[in-house]
Amino acid sequence: MSSLAKASGALRSVDYEVFGRVQGNGGLSVLSVVSVLALIILSHYFSNQYTEQEAKKLGVVGWVKNTSQGTVTGQVQGPEEKVNEMKSWLSKVGSPSSRIDKTNFSNEKEISKLDFSDFNTRY
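- The chain is annotated in an unreviewed UniProt entry as Acylphosphatase-2 from Cinclus mexicanus.
- You can read under Catalytic activity (unreviewed entry) in the UniProt record for the chain the words "an acyl phosphate + H2O = a carboxylate + phosphate + H(+)".

In structure tokens:
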């Protein structure tokens, strides 16, 4: 267990799914299908990159992944206060180019140890 976890008391784990869409898609009709697909892939990559950066900044661990339904899903673990900060970020902030419609949290529970050593993107 990390010293941060020991010093912060109770550890929490929560699963999440973020619903919304990427902003700034004006003018896409003039792009080719290949360009649109590349733009979608890049926007998902950068969205996950921002999630990873925020998680690492807060000191939580877990993962993030894009779903085939156009949502972002994942799991966050860490000290309760830090997990709550990440939940707020996932619900209200997100990446600069995203619009968050809603965020669902599930399976929130206290845990005795962290299941992950870092926060990363799954493919």
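### Looking at the overall build of the chain
Moving on, step 1. Looking only at helices and strands, the chain has 3 helices and 5 strands in total.
Moving on, step 2. Shown N-terminal to C-terminal, the secondary structure of the chain runs as helices and strands in the order α-β-α-β-β-α-β-β.
Moving on, step 3. Expressed as a percentage of its 123 residues, the buried residues of the chain come to 34%.
Moving on, step 4. Of the contacts formed within the chain by residues at least 6 apart in sequence, a portion of 75% connects residues at least 24 apart.
Moving on, step 5. In the structure as shown, the chain presents an accessible area of about 7400 Å², 53% of it carried by carbon and sulfur atoms.

### So, the environment of Val64
Moving on, step 1. Here Val64 is to be found in strand E2 (residues 61-66).
Moving on, step 2. Sequence separation between Val64 and Thr121 is 57 residues; the distance between their C-alpha atoms is 4.9 Å.

The rules behind these values
- Residues numbered from 1 in each chain as written.
- Predicted model: local features only at pLDDT ≥ 70, side-chain atom pairs only at ≥ 80, totals over all residues.
- Heavy atoms only, no water.
- UniProt positions renumbered as here; feature names shortened; annotations may be inferred.
- Helix = DSSP H or I, 4+ residues; strand = E, 2+ residues; numbered from the N terminus.
- Buried < 20%, exposed > 50% of the residue type's maximum accessible area, 1.4 Å probe, protein only.
- Contact = heavy atoms within 4.5 Å.
- Areas by Shrake-Rupley, 256 points an atom, 1.4 Å probe, with all protein chains shown as cover.

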